[in-house]
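One-letter residues, chain by chain:
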Amino acid sequence: MVRIGFIYDFDLTLSEEFQQYPIFREFAAQLKEVHGVSLPEEYWRLCNNSEMGVGWMQQLVKDAKAGVFPNLTNQRMRDHFASQIKLSPGLVTLDGTANWFDRVNEYCQDNGSEGEHHVISVGVHPLIAGTAVFPNLTSLRSGTFNEDDSGIVDIKTIVDPFRKVEDVKSICKGTDLHEDLPLDRYHINYRNVIIFGDGQSDKDMFRYIRQRGGIAVAVFEEGNWQEYRKAIKNLGDSVNIIAPRDYSGGSTLDELIKEHVGKISSEICDMDYDLVHKFL
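1. Section: the pairing of strand β1 (residues 2-8)
Next, step 1: Burial runs high along β1: five of the seven residues are buried.
Next, step 2: Both β1 and strand β2 (residues 113-124) contribute to a ladder of seven bridges, which runs parallel. Looking across to β2, one finds that Val2 is bridged to Ser113.
Next, step 3: Across four bridges, the pairing between β1 and strand β5 (residues 193-197) is parallel. From the neighbouring strand, Tyr8 faces β5, where its bridge partner is Phe196.

Structure representation (structure tokens):
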């Protein structure tokens, strides 16, 4: 049976906003008073104008200790703030119809394959683990905080936005990243991987998987043609698909992925795609 790996970024890939925004909204008064921040997106200027990597985590810890985000614990992020994150359409359904993960798994089963869903995020574990997406995941790789009785106190682990390829390798190997393993013993063959992302920090993942026969998918906010043009300009030569961030049944993304699941499930090839790519 073919195993197909669906690997996702989280922010602006599975969500319509950055996962930190519910925290920023709840403590808007403190942010305004201490930092002069009026809108959630303005917080990034405090992190050296970067929402990615260790910078934002350091700033969050600093503000938690300073009382800007009082009593900000891992549990509170998971139990209170995570459910407020605006997820992308179709990922979770309330009318009893199949959600994205159920439908994708069904597509795989109908084609004699099985699907796995993995998230690699520069965000943090409790904010993603508390969303309705989490129960559908095979694995989640994201940052974590240490805490004491007052709340988060320092960074425990991070996901480097520009080293996500290492996480892709680890997921596909299904074992230690540095273990020497022949391709036919990989947990997921690279050519059976579909990666979803939205921005520059996903570019290395996109290129890596395309070179090995997999599928790279860039998503953007539906109806936002400025974001579409940005994706074309920045990611166009790194991906197979650019589609609106709508995971609903019958959406463009849904139909395209269904088509590729069928192709992956029926394709039998043991060629070295890295080698083949060098001659294209």
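2. Re a negative patch on the surface
Next, step 1: A surface patch of like charges, here negative, comprises Glu147, Asp148, Asp149 and Asp154.
Next, step 2: Here Asp149 is to be found in the loop between β3 (139-148) and β4 (151-157).

3. Focus: the packing of aromatic side chains
Next, step 1: Evaluation of the coordinates by the stated rule reveals 22 aromatic pairs.
Next, step 2: Site record: aromatic cluster; members linked through ring pairs are Phe18, Tyr21, Phe24, Phe27, Tyr43, Trp44, Phe69 and Phe81.
Next, step 3: One Lys or Arg, Arg212, reaches over the ring of Tyr190 and ends 6.0 Å from the middle of that ring.
Next, step 4: Cation over ring: Arg212 sits above Tyr208, and NZ or CZ is 3.7 Å from the ring centre.

4. With respect to the side chain of Asp254
Next, step 1: Turning to its location among the elements, Asp254 is positioned in helix α10 (residues 252-266).
Next, step 2: For Asp254, a relative accessible area of 1% translates into the label buried.
Next, step 3: Side chain to side chain, Asp254 and Arg103 meet in a polar contact 2.4 Å long.

5. Some details on the pattern of salt bridges
Next, step 1: Applying the stated criterion to the full structure yields 13 salt bridges.
Next, step 2: The shortest N-O distance in the salt bridge between Asp9 and Lys164 comes to 3.3 Å. Placement of Asp9 in the loop between β1 and α1 (21-26) and of Lys164 in helix α7 (residues 164-173) is noted, with a sequence separation of 155 residues between them.
Next, step 3: Residue Glu255 is joined to Lys258 by a salt bridge in which the shortest nitrogen-to-oxygen separation is 3.6 Å. Taken together, the residues span about one helical turn, with Glu255 and Lys258 both in helix α10 at a distance of three residues.
Next, step 4: Here Glu255 falls in the partly exposed class, since its relative accessible area comes to 38%.
Next, step 5: A single network of salt bridges, built from pairs that share partners, joins Arg3, Glu114 and Glu116.

6. Topic: helix α5 (residues 100-110)
Next, step 1: The set of residues buried in α5 consists of Trp100, Phe101, Arg103, Val104, Tyr107 and Cys108. All buried residues of α5 fall inside an arc of 165° around its axis, so they share one side. Opposite the buried face of α5, at more than 90 degrees from it, the exposed residues are Gln109 and Asp110.
Next, step 2: Among the structural elements, β1, β2, β5 and α10 are those in contact with the buried residues of α5.
Next, step 3: The opening residue of α5 is Asn99, an N-cap whose side-chain oxygen sits 3.0 Å from the backbone nitrogen of Phe101.
Next, step 4: Two residues or fewer after α5 comes Gly112, characterised by a positive phi angle close to 75°.

7. Here we look at the environment of Val124
Next, step 1: Within the element layout of this structure, Val124 appears in strand β2.
Next, step 2: We classify Val124 as buried; its relative accessible area is 0%.
Next, step 3: Sequence separation between Val124 and Val219 is 95 residues; the distance between their C-alpha atoms is 21 Å.
Next, step 4: What Val124 contacts, discounting residues up to four positions off in sequence, is Gln19, Trp56, Met57, Met77, Ser142, Gly143 and Phe145.

Calculation criteria
- Residue positions are counted from 1 within each chain, in the order its sequence is given.
- Reporting of local features is limited, given that this is a predicted model, to residues whose pLDDT is at least 70; pairs of side-chain atoms are given and counted only at 80 or more, and all residues count toward the totals for whole chains, interfaces and linings.
- The side-chain figures draw on all heavy atoms in the structure; neither hydrogens nor water molecules are used.
- Three exposure classes are used, based on accessible area relative to the maximum for each residue type with a 1.4 Å probe and protein chains only: buried under 20%, partly exposed in between, and exposed over 50%.
- Under the scheme used here, helices are H or I runs from DSSP no shorter than 4 residues and strands are E runs no shorter than 2 residues, and both carry numbers assigned from the N terminus.
- Should DSSP find at least two bridges between two strands, the strands are taken to pair.
- In this scheme, patches are assembled from residues that exceed 30% relative accessible area and form no salt bridge. Like charges are connected within 9 Å, while nonpolar side chains (Val, Leu, Ile, Met, Phe, Trp, Tyr) are connected within 5 Å.
- Computed with the Shrake-Rupley method and a 1.4 Å probe, the accessible areas treat only the protein chains shown as cover for residues.
- Salt bridges are counted wherever a side-chain nitrogen of Lys or Arg sits within 4 Å of a carboxyl oxygen of Asp or Glu.
- None of His or the chain ends enter the tally, which takes Lys and Arg as positive and Asp and Glu as negative.
- Taken as the charge centre is NZ of Lys, CZ of Arg, CG of Asp or CD of Glu, depending on the residue.
- Two aromatic rings, drawn from Phe, Tyr or Trp (for Trp, its six-membered ring), form a pair once their centres lie within 6.5 Å of each other, and the interplanar angle then sorts them: stacked below 30 degrees, edge-to-face above 60, tilted otherwise.
- Put simply, a charge is over a ring when the Lys NZ or the Arg CZ is close to the ring centre, within 6 Å, and near the line of the ring normal, within 35 degrees.
- Counted as a polar contact is a pair of N or O atoms within 3.5 Å, where, for protein atoms, one must be capable of donating a hydrogen and the other of accepting one, and residues adjacent in sequence contribute only when both atoms are in side chains.
- This arc is built from the directions going out from the helix axis to the C-beta atoms.
- In what follows, residue pairs with any heavy atoms lying within 4.5 Å of each other are defined as contacts.

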